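Breakdown of the fold
Residue strings, one per chain:
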Amino acid sequence: MTAEHRAPLRYVAATGALAAAGTLWYVLWYCTGIGPAAVSFLWLPLGAAVTVAAVYDLLRRGALTVPAKRFWRLLLVSFCGVGVGFSVLAAAGFRDTSVLPVMPPAAAVCSGIGFLTAMWAMGRVPLGISSAGERWKQWLDRAIAFLGGSTVLFHFGLAPMLGGTRVWSIQALVLLGMSFALAVGGITKVAYIAGGPVDRVALRLIGLCGLCGAGVAVCMVLGGDPGTVPAQAVVMPIAPLLGTVAVRRQWTAGAERRSRANIWLPYLAVAAVDVPLIAVIPGALTWTDKLVILSSVLVTGLVTIRQFVAFRENARLLREKRLSEERLQHEATHDGLTGLANRALFRRRLGEQLDRGGATVLLVDLDDFKTINDSLGHDVGDDLLIAVADVLRAETVTDGLPVRLGGDEFAVLITEATVLGETIAQRILDAFAGALSAHRLLVHASIGIATAHTGTPLDRLLRDADVAMYAAKQRGKANWVRYHDGMEQPVADHAQLGGELRRALDAGEFTVHYQPIMSLHNGRIVGVEALARWRHPTRGLVAPAEFIPAAESTGLIVPLGRFVLREACRQAAAWLAEFGPDALQKFGPNVSARQLHDPDFVTDVQAALAETGLPADRLVLELTESAVLRGQQVSRALYQLHALGVRMALDDFGTGESSLSLLRSFPAAIIKLDKSFVDGIELDEPGSPEADARQAVARAVMQLALALGLDTVAEGIENQAQADRLLELGYSLGQGYHLARPMPAEAMTALLAAQKNLFAPA
Ligand code: C2E
Ligand code: CA
Ligand code: CA
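Within each chain, residues carry numbers counting from 1 in the order of the written sequence. Chains and ligands are labelled by the order in which they are written, letters from A for the one and numbers from 1 for the other. pLDDT decides what is reported in this predicted model: residues at 70 or higher carry local features, side-chain atom pairs at 80 or more are listed and counted, and totals for whole chains, interfaces and linings draw on all residues regardless. Hydrogens and water are ignored here; the side-chain numbers use all heavy atoms of the structure.

Let's talk about the site of ligand 1
- The environment of ligand 1 is formed by 22 residues, the closest being Arg533, Ser592, Asp651, Glu718 and Tyr737.
- Any N or O atom pair separated by 3.5 Å or less is treated as a polar contact, with the protein-specific requirement of one donor-capable and one acceptor-capable atom, and with residues adjacent in sequence counted only for side-chain atom pairs. A distance of 3.4 Å separates an oxygen atom of ligand 1 from a polar side-chain atom of Asp652.
- Between Tyr737 and ligand 1, the recorded distance is 2.7 Å, taken from a backbone N or O atom to an oxygen atom.
- Areas reported here follow the Shrake-Rupley algorithm with a probe of radius 1.4 Å; residue values treat only the protein chains shown as occluding. When isolated, ligand 1 has an accessible area of 790 Å², and the protein chains bury 80% of it.
- Mapped onto the shell around ligand 1, the elements with two or more residues apiece are strand 7 (525-536), helix 20 (544-554), helix 21 (557-579) and strand 11 (647-653).
- A run of H or I in DSSP counts as a helix once it spans at least four residues, and a run of E counts as a strand once it spans at least two, with each numbered from the N terminus. At 4 residues, the largest contribution of residues to the shell around ligand 1 is made by strand 7.
- Note on residue classes: Ala, Val, Leu, Ile, Met, Phe, Trp, Tyr, Cys and Pro are nonpolar, Asp, Glu, Lys and Arg are charged, and everything else, Gly too, is polar. When the residues that make up the shell around ligand 1 are grouped by side-chain class, the tally is 9 nonpolar, 6 polar and 7 charged. Residue proximity to a molecule or strand is established when one non-hydrogen atom of the residue lies within 4 Å of it.

Here's what the structure looks like:
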């Protein structure tokens, strides 16, 4: 059951009924004159009794804080005092037949205690101000408001009574004065309470009870002695009604409600003082007096307006300052492009979470973002990053903090302990399955997941996630992998291999093997591909698959590639010298992306050609599509090579992603159809979608090459049936174990010699 349901309405109903009955009685009394006038004194004590019961009920069953309990306890005493005081007065009224009985001292004392307790209760309600400067300013404001309010009440209420013909009993005047003080003091106090244990509205209602005193004064000034009757029967019963409504408010008051304090009250008070000032003008002595009063009214009015304007200005400046502080704070902790949290905020939150308990992070790295950025431009790249950020935001609304660490690296800090990292990772990968951004791009992400318990160093957790992310990339991208102990070992092995490669390069352990490229019509050798080999002192001949990746990641591919290039050019020039210029058309070393990025690459090629005397048009550099798609520097290098007359072959064609658009912008001369399309091409499997697709690609690549005027070489031919099928499809050049395996230079020399005899012009 909520507090609202428990708040009893019956007390409000009872006091309301009593107030209505009092008014009704007064109307009857006024019209018919029956019944003793002293009945008018009964309504207030009856109402007060109900209010006392209501407050008691609230104290017993309501959920009150200590200061609220204290307030309502004092109010219980206050209403008891007033109730008893007015009961005594009523008793005196029934004894004394005059309309206005002399107030017995006991009645005055009891009521006085009642008023004083109410004022005391109001005074003790905490304001919730901490700084001394603030408190001092508030007292000043409240003093202004209090003086202003009391001047008005005094002028229109007390002063006419004091100055009138009738002599009022001291008791009556003191009580009235007190009730005025309660009203004004209560209201000025309440205006500054922004919220707190005692309900704000309840406080105001109690303060308003004091205004009943003002009502009484007005009745009596206007009506003389008979004015007592409506004052007591109609005005006074309103006080208990206000009291019970206040009690009900307190019942339903929820947790601490905070609202803005009434900053306008002092201005209102200053304006209020002007009202009696204007009111005294007609009675002022001379016209100069009138002028003085009028101008001071004007001055206070203008000063008030001026103050209020200044206040509004201050409030505006404060608001702007707060907003700009918030903005600065946001900029310092968020990424400018995507609006996600940045690395600094991520580290702070992660640190906090690690202090409190465990934490799980996802490291999200986009696959091939660099390719998109370089080939389609930075604007498209930026749009894609924003779209990715939107996906991360949408997928982690309730359980994670998405972060942009920089570049195409993102992270998610999981904030909901019950959610598994794997769940969110899969959600993110699923969301990436569709096209992103206005450019409808397909991106994939590799995600590393790592969890740490309290006390784990933050950087350790991030390193683990990084290792897991790399493992995900190696497992073929668009993947997530959770970190486990020992996972970093392969990475360490890689680094070790790198060190060994360096040594092998210096020790001259590398050599080059050559694989012929042949005519499929007659088996004549038209070119060779140069392939690196490592003559390892203990392991024997090591294949490139084992060392090229490590050479690429350590950068050693640059000197290694330079060696292969030189060696291939030297060997090619030697063969041309020995077997004549028609013996071989193309010599193809492989070139990695990393080498193309090397600013000296073009010079190296030039030097190799110059030193060996190999004609540039015999050199064919084998490049993969992803190596070519590496931005402006690479494009420039490729065009310079093209200008030198060097040809380029697109290796592993068909396995990359943007083959078609690439061919338009890249000066390729030869397409090497990847082995994966040759595998099984000879098999006649009617209805097999895979076989159909392979044939379709092989056919399409051929048509493309014809249309663009490019040569083709089919790679990885392992049997005659494949060679026949490829011939049918239009391929005239091939390479593969079926034709010849890669071999050392000497074996190649022998092969060329044999061929020279075979194909020698008769
Ligand atoms: P690739 O450029 O596609 O070279 C062709 C690879 O396929 C060679 O493997 C070759 O031996 C193999 N191959 C040829 N015919 C057949 C066949 O009928 N069946 C099968 N199963 N395989 C065949 P290798 O020599 O092990 O080279 C592997 C890869 O290493 C090369 O692939 C190339 O990407 C890279 N590589 C080799 N040497 C170098 C180099 O000097 N520099 C760079 N950057 N990469 C190199
Ligand atoms: Ca190749
Ligand atoms: Ca290849």
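What to know about the coordination of the calcium ion (ligand 2)
- For the calcium ion (ligand 2), the protein coordination sphere consists of Glu529 (OE), Asn590 (OD1), Glu622 (OE) and Asp651 (OD), at 2.1 to 2.3 Å.
- For Na, K and Ca the donor cut-off is 3.2 Å, and for all other metals it is 2.8 Å, counting N, O and S atoms only; because water is absent from this set, sites may look incomplete. Each donor residue of the calcium ion (ligand 2) lies on one chain, and together they are spaced E-x60-N-x31-E-x28-D.
- In this structure, the calcium ion (ligand 2) is positioned 4.1 Å from the calcium ion (ligand 3), and both are ligated by Asp651. Residue Asn590 is found in the loop between strand 9 (586-589) and helix 22 (593-597), and its partner Asp651 is found in strand 11; the two are separated by 61 residues along the sequence.
- The buried label applies to any residue whose accessible area, calculated with a 1.4 Å probe on protein chains only, is under 20% of its type's maximum; exposed applies above 50%, and partly exposed to all values in between. Judged by its relative accessible area of 29%, Asn590 falls in the partly exposed class.
- A relative accessible area of 7% means that Asp651 is categorised as buried.

Describing the coordination of the calcium ion (ligand 3)
- The protein atoms that coordinate the calcium ion (ligand 3) are Asp651 (OD), Asp652 (OD), Glu715 (OE) and Glu715 (OE), at distances of 2.3 to 2.5 Å.
- Positions of the donor residues of the calcium ion (ligand 3) along the chain correspond to the pattern D-D-x62-E.

Side note on the domain arrangement of the protein chain
- In terms of domains, the protein chain is made up of domain 1 (3-254), domain 2 (343-485) and domain 3 (557-741).
- Boundaries of every domain are those given by an automatic assignment or by a domain database. Using C-alpha coordinates to define each centre, domain 2 is positioned 37 Å away from domain 3.

As for the environment of Leu614
- Here Leu614 is to be found in the loop between helix 23 (601-612) and strand 10 (620-624).
- Separated by 230 residues in the primary sequence, Leu614 and Leu384 place their C-alpha atoms 46 Å from one another.
- The contact rule is simple, with two residues in contact once any of their heavy atoms fall within 4.5 Å. Sequence-distant contacts of Leu614, that is, excluding residues within four places in its chain, are made with Cys569, Ala572, Ala573, Leu576, Phe587, Leu609 and Leu619.

Quick notes on a nonpolar patch on the surface
- A cluster of nonpolar side chains, contributed by Leu42, Leu46 and Phe94, occupies part of the molecular surface with about 260 Å² of accessible area.
- Counting through the fold element by element, Leu42 comes out in the loop between helix 2 (10-32) and helix 3 (43-61).
- On the basis of relative accessibility, which here comes to 34%, the residue Leu42 falls in the partly exposed class. Put simply, a patch holds well-exposed residues, over 30% relative accessible area, that have no salt bridge, with like charges counted together within 9 Å and Val, Leu, Ile, Met, Phe, Trp or Tyr side chains within 5 Å. We define a salt bridge as a contact between a side-chain nitrogen of Lys or Arg and a carboxyl oxygen of Asp or Glu at a distance within 4 Å.

A closer look at the side chain of Thr304
- Structurally, Thr304 is set in helix 13 (residues 287-333).
- If we skip the residues at most four places from it in the chain, Thr304 touches Tyr267 and Val270.

Some details on the packing of aromatic side chains
- Put simply, two rings from Phe, Tyr or Trp (the six-membered ring, in Trp's case) pair if the centres are within 6.5 Å, and we call them stacked under 30 degrees between planes, edge-to-face over 60, tilted for the rest. With the rule as written, the count across this model stands at 10 aromatic pairs.
- Aromatic pair Trp534 and Phe547: ring centres 6.0 Å apart, planes at 85 degrees, arrangement edge-to-face. Within this pair, whereas Trp534 is found in strand 7, its partner Phe547 is found in helix 20, the two being separated by 13 residues in sequence. With respect to class, Trp534 is no different from Phe547; both count as buried.

Observations concerning unusual backbone geometry
- With a phi close to 50 degrees, Asp652 is a non-glycine residue in the positive phi region.
- If you trace the backbone, Asp652 turns up in strand 11.

So, empty space enclosed by the protein
- Put simply, the grid is 1 Å and covers the protein atoms alone, a cavity is a trapped set of points that fit a 1.4 Å probe, a pocket is an open set with protein on both sides within 12 Å along at least five of seven lines, and lining residues have an atom within 4 Å of a point. Grid points are joined across faces, edges and corners, and a volume is the space filled by probe spheres set on the points. The tally for this structure, following the rule as stated, stands at 5 cavities of 30 Å³ or more.
- Reported here for the largest cavity is a volume of approximately 60 Å³.
- Ile517, Val528, Lys586, Phe587, Gly588, Val620, Glu622, Ala649, Ile670, Lys672 and Val713 are the residues that line the largest cavity.
- Among the secondary structure elements, those contributing two or more residues to the lining of the largest cavity are strand 9, strand 10 and strand 12 (670-673).
- In terms of residues, the lining of the largest cavity owes the most to one element, strand 9, which gives 3 residues.
- Here the residues of the lining of the largest cavity are counted per class, giving 7 nonpolar, 1 polar and 3 charged.

Section: the environment of Trp43
- Note on placement: Trp43 falls in helix 3.
- Taking the C-alpha atoms as reference points, Trp43 and Gln571, separated by 528 residues in sequence, lie 123 Å from one another.
- Excluding residues that lie within four positions of it along the chain, Trp43 makes contacts with Leu18, Ala21, Gly22, Trp25, Ala233 and Pro237.

Quick look at the pattern of salt bridges
- Summed over the entire model, instances satisfying the criterion amount to 34 salt bridges.
- Where Arg463 meets Asp464, a salt bridge forms, and the shortest distance between an N and an O atom there is 2.9 Å.
- According to the relative accessible area criterion, Arg463 is partly exposed, its value standing at 36%.
- On the accessibility criterion, Asp464 (7% relative accessible area) is buried.
- With a closest N to O distance of 2.9 Å, Glu529 and Lys672 form a salt bridge. Placement of Glu529 in strand 7 and of Lys672 in strand 12 is noted, with a sequence separation of 143 residues between them.

Section: the sheet that holds strand 2 (residues 400-406)
- Pairing is mixed in the open sheet, where 5 strands are placed in the order 2-3-1-4-5. Only two strands of the sheet have a single partner each, and these edge strands are strand 2 and strand 5 (479-482). Taking the axes of each pair of neighbouring strands and ignoring which way they run, one obtains an average angle of 20 degrees across the sheet.
- Packed on one face of the sheet, helix 18 (residues 458-474) meets strand 1 (359-367), strand 4 (444-452) and strand 5 and runs near 145 degrees to strand 4. When DSSP locates at least two bridges between a pair of strands, those strands are taken to pair. Fitted lines through C-alpha atoms serve as axes, helices being fitted only where they are in contact, and the angles separating the N-to-C directions of these axes extend from 0 to 180 degrees.

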